[in-house]
Amino acid sequence: MSKEHPFINKKQFSFLGLGKQDAIKFLFGGNALISIIALILITLFLAKESIYFFPDYQSNLNIYRKSGKEFADYAENQLKYQKEIKSLVTQVKQYELFHQAGVDAYIPELFSTMKTVAIEKMTSELLAVKIAKNRITSKEIIWDIWSEGSPEEQAQMKAQKAEFSQNLIKTQEALTAKINKIAPSIKISTLSPQFQKKAYEVQRQEPSAIKTLQEALISYFSNYTVSTKTPDFITQSSRSGVEKRTVLLQTPLFSNLSQVEKELTETYLPFNAFVEKLRDHALLVSIRAESFLSAADRKKAIEEGIPEASPEKKKKLLIDLKRLITEDQDYGQQAEVLYATLPEHQELLSKMTSSSHAIFPKLPNINEFENKGARRIHKKLTKLLKDYDAFMAQQRSNMESWRHDQTIGFLKTLGGFVFGQKWISNSSWHNFFGLAPLFGGSLFITLIAITIATPFAVGGAIYVNRIASKAEQNFIKPIIEFIQAIPSVVLAFLGVVVVGQNILKLSYIPWLEWLPGFPASGEQMMLTAGVLLAFMAIPTMFTLAEDAINNVPKSYTEASLSLGATRLQTIFNVIIPSSLSGVVAAILLGFGRIIGETMVVLLVAGGTIDWPTTWTDPVHTMTGIIAQSTGEAAPGSIQYRALFLVGLFLFGISLIINSLAQNVIKKFGSKH
Amino acid sequence: METSSEERPIIEIDDFSFSYNRGETDTLKNISVSCPEKKVTAFIGPSGCGKSTLLRSLNRINDLVDTACITNGQIRIMGQDINTPEVDPIELRKNVGMVFQKYNPFPKSIYDNVAYGLNLQGKQKQSDLDDAVEKSLRGAALWDEVKDRLKDSALGLSGGQQQRLCIARTIAVNPKIILMDEPCSALDPIATAHVEQLINTLKQEYTIVIVTHSMQQATRISDNTAFFYLGELIEFSPTKELFSNPKNKRTEDYVSGRFG
C-alpha cells in the first residue's frame, strides 16, 4: 500500500458534485444575486403598474377636450382672473383697514381668547368660587327672613354670614394666587393657532400689548367674586375699534375701495352665468363619454360571465347588458352648441372688460397704503391689471381656435404629466395629474434642507476630525450619529410643535420683515420641512464627510504646518480640497436621503398642491402625495397609476443621485 | 541675546526631556546636543530611540499630539527658547522647515506645491512667485526634470522626484534650518544618491538636521553625529570620530553592526 502524498486531501466533502469551496461561493453569490433580482423586480413592477397611466391619461385628456370642458375652462379662467382682481381689492382693503384701525380692533377678541385659556387652567379654583357664591345666594333669603328673629338666632345668622363670606374671600385669595402664577404663561404660543396670527400682528404693532392683557387678566380674576365686568380698556377698545372702523370707512381711501369692490362684483355677474351654462353642458357630455368608456369594459366582463352564470343570473346579466350605453354620442353635434356660443361670449367679455377698464383707474395708488401686507397685495394686483388685456385676449383666442376633434397625442400627454401644474383627484369637474408642483415642492424643500445641513455637517466633520480633542470626538460623534435613531414621525411632531411655531414667531419680528415671504401665513411651510429634513440629513452627511476628511493623510497636515501654515489655512488649502470629492458625495447622498423622506413632509410641509413662489409657502411633495392618496386610490384607476408613476420618478431620481455620488467617489476619490 | 553664528550654535538642546503621555514616561531623557550653523547634523540609533521625536520637537510639530509635554530642559533656536508661550509656532516653522520620511506632496500641481508656503503669507506678485518657484526647484535639482510640466499633478512624479519636490517646497519659504526625517528611506539607491547630493549642496545655505537609519548615509553627508539609544543620548561627536573611534561601548556595538 503506497503512502498517500501529504498534499492530497484525504476526504473531499462533496454534494451534487460541488465541493466545500463551491458551496461557500454559491452561498455568497446567491445573496448578491437575490438583491439584484429584487431590484430588477421592483423596477419592473413599478414600470408595469405605471406604464398604463399614459393611455389612461391620454383618454382622460381627450375627454377633457372632446366634451368641451377645455373650452369652458378658458372662459372659466377669464372669470377667475376677474374674481381674483376683486378678491385682491378686498384683501388690500382689509389689511389696510385693520392696520389703520390699530390693535384696538383685535384687543377684545384676544382678551377673551386669553381668558378662555386662563379659565381652562383654573377650573378647580373657579368651581370653588362658584360653590362659595352659591352657598351665599341660597342662604340670603333665609338670612333676610331671620333678620327679625330672636337675638340668639340673629347672632347665629351673623356668624354663618361671616363664615360664608370668609369662605368666599378665601376662594378669591386662592384664585388670585393662581392667576398671578399662570398669567405670565398665557402667551401667544399657547393660544389656538387661528388666533396666533392675529396675536402676532397685535404684538408687532404694540409690543407691550400682551403684557397689558396679562395684567388685565390678573386684575379681572383678582376681583372675580365682586364683579365680572370686562376691564374698561377692553370694552373701550372694542367700542373705539368699531368707531374707528366706521370713521375710517368714510374716508376717501376706503370708500373708494368699497366702491371699486362693489362695481367689480357687478362686472362679472352676467359672465358668471354664461360660464356656468358652458360648464353644465360640458360636464354632461363628459359624464356620458366616461360611462360609454367604462361600458365597453363592463360589456366585455358581462359577456365573459354569461356562459358560466346560472339561468336566473344570466337573465339579469342580459338586462344589464341592454342597459349599457353602447353607442357613443355625437361629439360634433355637442361641440356645435359650444361653437355657437362664441358670439355671445365675445359680447359678454367685451362688456366685462370695458366696464373693468372704467373701474381700474379708480383704484388708489400704492403710496396711499401704509401697511406692508396691503402694499404687497397691491403689487400683485398691479401686475394682474397690467396683464389683464393680454390674458383675456389669449383665453379668447384659445376658445376661437379650440377644436373638439383634435386628439391629444402621446407627447402632449407626457408633457401634461411632467409639466402639468394641476394635481386634482376626486374632482367634481375634471381630474388632472400634473407632476410639476409636487416635483417643485420636493426639490425646493430638499434644496433648503441641503443648504442648511451642508455647513453644519461639513463644519462638524472638520471640527471633529481635525480640531477636536479625543474626548470631544468621543462625545460629539455618537451624539450626531444618534440623531439618525430618532424616528421621523417623532421628529415631525417636534416640527409641528416647536420648529413651525418658532419660525412663524420669527417671521413676525418687525426687523426681519424685509426677508422674502415674511411674515409667514402658517406654521406648515417649506422652510419648516426644510429645517427638519436638514436635521435628519446631518448625521448621514456628517458621517460620510468625516470619512472623507479622515482619508486625507495626516502627513498633509504635518507638511502644511511645517511650511508655516496655520490650522485654518491647512484646513482650507489642503484638507478641504483633498477631500472635496468625498464631501460632494456626502452632500449628494444627503440629497438622496432627503428627497425620499416622507413622514416629515407629509406632516409639516403644508399639503398645498401649487408651484411654490417663496420659501414660506406651503407645498406638497412627491413622497407626500403617495403616502396620502395610495389608500384612497382604487387599484387600477388612473389615480393609482399616476401615483405609481410618481413613485417610479422618485426611484429614478434616487438612482441617478446615488450613481452620481458613486461616480464622484470613484473618479476623484482615491487620488491619495 | 544676539551672538554671532560662529560663536554660538544655531540649535541648542539643553538637558531636554520629553513625554508623549503627560509626563508618565519620558521618551527623551536629558538630551543635550548643539548643532552648528550651516552644517549637517545626523541623528542615528535603533528604531524607537527617540531621534524622530527630538527632530519633531525642533519645529514643535509634536504640538499636534495632545498628550505630549516637555518635562525638563529647553530647546533654543537662534538663541530663543522655542517653547515659551510668546513664541508663535507658525513663525517658528517658517524658519524651521521639515522634510518627511514618506514623500507627501499635496494633490496639487507641481507649481502649486512649491508656491504653497509663499501663498500662505498673503497675495504674491505672479512674477515673484514664478521666480521663487524656479529658484526653489533649481535648488532642489529638480528644475530641468519638471520645467515643462509645472502644471501637472505632483503625484505623477517618481518617488525620488516627489521627495525632491518636498525639499523644494520646504526651501521655497526660505527657512534657516531644514529638518529631514529619514528622507531616503522610501527611495531606491539612485534616488537616494540624488537626494544626498542635494543635501551636500544645501548645507552651504542651510543648517540641516537629518534622522537616518543608514550609517553609511550618516558618514557620507553629516558633519556631526548623535547616537541615541532608548531615549538617551549616548554619544555626540564629529562624524568621523564617532564612527572611527567611538568612545562608548554601545556606540561601538551599534556602528559596527553588532546590534540595531
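What this report covers is the structure whose coordinates are included nearby. (Residues numbered from 1 in each chain as written. Chains lettered and ligands numbered in written order. Predicted model: local features only at pLDDT ≥ 70, side-chain atom pairs only at ≥ 80, totals over all residues. Heavy atoms only, no water.)

Now for the overall build of chain B. Helices and strands together make up the secondary structure of chain B, namely 10 helices and 10 strands. What you see for chain B is a C-alpha radius of gyration of 18 Å, in line with the 18 Å of a compact globule of 260 residues. Taken over the C-alpha atoms alone, chain B extends approximately 55 × 45 × 35 Å along its principal axes. Partitioning the intrachain contacts of chain B with sequence separation of at least 6 by distance along the chain shows that 68% fall at a separation of at least 24. Of the roughly 11,600 Å² that chain B leaves accessible, carbon and sulfur atoms contribute 46%. Across chain B, the centroid of the 30 positively charged side chains sits 3 Å from that of the 35 negatively charged ones. (Helix = DSSP H or I, 4+ residues; strand = E, 2+ residues; numbered from the N terminus. Rg over C-alpha atoms; globule rule 2.2 N^0.38 Å. Contact = heavy atoms within 4.5 Å. Areas by Shrake-Rupley, 256 points an atom, 1.4 Å probe, with all protein chains shown as cover. Lys, Arg positive; Asp, Glu negative; His and termini not counted. Charge placed at Lys NZ, Arg CZ, Asp CG, Glu CD.)

What follows deals with the overall build of chain A. When its secondary structure is counted, chain A shows 26 helices and 4 strands. The C-alpha atoms of chain A give a radius of gyration of 36 Å, which is well past the 26 Å a tight globule of 672 residues would have. Overall, chain A is about 140 × 85 × 75 Å in size when its C-alpha atoms are taken along their principal axes. Every one of the 672 residues in chain A was classed for burial, and the buried ones make up 42%. For chain A, the centre of its 70 positive side-chain charges and the centre of its 60 negative side-chain charges are spaced 6 Å apart. (Buried < 20%, exposed > 50% of the residue type's maximum accessible area, 1.4 Å probe, protein only.)

Turning to the interface of chain A and chain B, a few remarks are in order. Counting from both sides, the interface comprises 19 residues of chain A and, opposite them, 24 residues of chain B. Around 1,800 Å² of area is buried between chain A and chain B when both sides are counted, 63% of it from carbon and sulfur atoms. For the chain A face of the interface with chain B, the top three residues by lost area are E558, S562 and L563 of chain A, together amounting to 35%. Applying the counting criterion to the chain A and chain B interface returns 1 salt bridge. On the surface where chain A and chain B come into contact, there are 5 residue pairs in polar contact (both at pLDDT 80 or more). Within the residue set of the side of chain A that touches chain B, elements represented by two or more residues are α22 (554-562) and α23 (567-595) of chain A. Looking at which element gives the most residues to the side of chain A that touches chain B, the answer is α22 of chain A, with 7 residues. A per-class count over the side of chain A that touches chain B returns 6 nonpolar, 10 polar and 3 charged. (Buried area = accessible area lost by both parts, 1.4 Å probe. Salt bridge = Lys/Arg side-chain N within 4 Å of Asp/Glu carboxyl O. Polar contact = N/O pair within 3.5 Å; in protein donor to acceptor, adjacent residues only side chain to side chain. Nonpolar A, V, L, I, M, F, W, Y, C, P; charged D, E, K, R; others polar.)

What follows is about the packing of aromatic side chains. Residue and element names in this part refer to chain B. Within the structure shown, the criterion is met by 29 aromatic pairs over all chains. Geometrically, the ring pair formed by F43 and F228 is edge-to-face, given 5.2 Å between the ring centres and 70° between the ring planes. Linking F43 in strand β3 (residues 40-44) with F228 in strand β9 (residues 224-229), this pair joins segments that are 185 residues apart in sequence. In terms of burial, F43 and F228 fall into one category: buried. (Phe/Tyr/Trp six-rings, centres within 6.5 Å; stacked < 30°, edge-to-face > 60°.)

All names here are of chain A. Across its 15 residues, helix α15 (residues 372-386) extends 21 Å between first and last C-alpha, which sits within 8% of the 21 Å expected from 1.5 Å per residue. Residues G373, A374, I377, H378, L381 and L384 constitute the buried set of α15. End-on view of α15: buried residues confined to an arc of 130°, all on one side of the axis. Exposed positions of α15 whose direction lies more than 90 degrees from the buried face are K379, K383 and K386. Residues of α15 that are buried in the fold lie against α3 (69-101) and α16 (388-401). (Expected span 1.5 Å × (residues − 1). Arc of directions from axis to C-beta.)

We now examine unusual backbone geometry. Positive phi, normally seen in glycine, also occurs at N30 of chain B, with a value near 45°. Note on placement: N30 of chain B falls in strand β2 (residues 28-35).

Moving on to the environment of T251 of chain B. Residue and element names in this part refer to chain B. The residue T251 is located in helix α10 (residues 249-255) in this model. Relative accessible area serves as the criterion here: at 0%, T251 is assigned to the buried category. Residues T251 and N62, 189 residues apart in the sequence, show an inter-C-alpha distance of 27 Å. If near-sequence neighbours (up to four positions away) are discounted, T251 is found in contact with F227, I234, E235, L242 and P246.

Residue and element names in this part refer to chain B. The buried fraction of strand β8 (residues 207-211) is high, at 5 of 5 residues. Where burial is concerned, the two faces of β8 agree: the one with T207, V209 and V211 and the one with I208 and I210 are both buried. Here β3 pairs with β8 via 4 bridges, running parallel. Bridging across to β8, F43 finds its partner in V211. Sheet analysis places strand β7 (residues 177-181) next to β8, joined by 5 bridges and oriented parallel. (Pairing = 2+ DSSP bridges.)

All names here are of chain B. When you tally the buried positions in β7, you get 5 out of 5 residues, the bulk of the element. Burial along β7 is two-sided: I177, L179 and D181 facing one way and I178 and M180 facing the other are all buried. Pairing between strand β6 (residues 96-99) and β7: 4 bridges, direction parallel. Directly across from G97, in β7, lies its bridge partner I178.

Throughout the structure, instances matching the rule amount to 23 salt bridges over all chains. Residue K383 of chain A pairs with D387 of chain A through a salt bridge whose shortest N-O separation is 3.6 Å. Exposure remark for D387 of chain A: the relative accessible area of 30% places this residue in the partly exposed category. K203 of chain B serves as the salt-bridge partner of D223 of chain B, at 3.2 Å between the closest nitrogen and oxygen. Of the two residues, D223 of chain B sits in the loop between α8 (215-221) and β9 while K203 of chain B sits in the loop between α7 (189-202) and β8, which places them 20 residues apart along the sequence.

A few words on the nonpolar core. Residues and elements named next belong to chain A. Counting residues in hydrophobic clusters, the biggest one holds 102 residues, and the most contacted among them are F221, F417 and W423. In terms of residue count, the dominant contributor to this core is helix α21 (residues 526-550) (13 residues). Residues lining this core come from more than one domain, with at least three contributed by each of domain 2 (99-241) and domain 4 (440-671). Excluding residues within four positions of it along the chain, F221 makes contact with K115, A118, I119, M122, L126, Q172, L175 and I179. (Core = buried A, V, L, I, M, F, W, Y, C linked by side-chain atoms within 4.5 Å. Domains from an automatic or database assignment.)

To continue, consider the packing of helix α6 (residues 159-172) of chain B against α7 of chain B. Residue and element names in this part refer to chain B. At a minimum axis distance of 9 Å, the contact between α6 and α7 shows a crossing angle of 20°. The orientation of α6 relative to α7 falls into the category roughly parallel. By crossing handedness, the relation of α6 to α7 is classed as right-handed. Facing G160, R164, I167 and I171 of α6, the residues of α7 in contact are A191, H194, V195, L198 and L202. Split by residue class, the contact of α6 with α7 holds 6 nonpolar, 2 polar and 1 charged. (Axes fitted to C-alpha atoms, helices over the stretch in contact; angles between N-to-C directions. Parallel < 35°, antiparallel > 145°, perpendicular 65-115°, else oblique. Left-handed = near helix turned anticlockwise from the far one by under 90°.)

Once that is clear, we can look at the environment of V65 of chain B. Tracing the backbone shows V65 of chain B in the loop between α1 (51-58) and β4 (69-77). Note: C-alpha distance between V65 of chain B and N21 of chain B (44 residues apart in sequence) is 9.4 Å.

Residues and elements named next belong to chain A. For helix α2 (residues 53-66), which comprises 14 residues, the first-to-last C-alpha distance of 20 Å matches the rise-based estimate of 20 Å (1.5 Å per residue) to within 8%. Buried within α2 we find F53, F54, Y57, N60, L61, N62, I63, Y64 and R65. Downstream of α2 by a residue or two, G68 has a phi angle that is positive, lying close to 90°.

What is shown is where atoms sit, not what they do.
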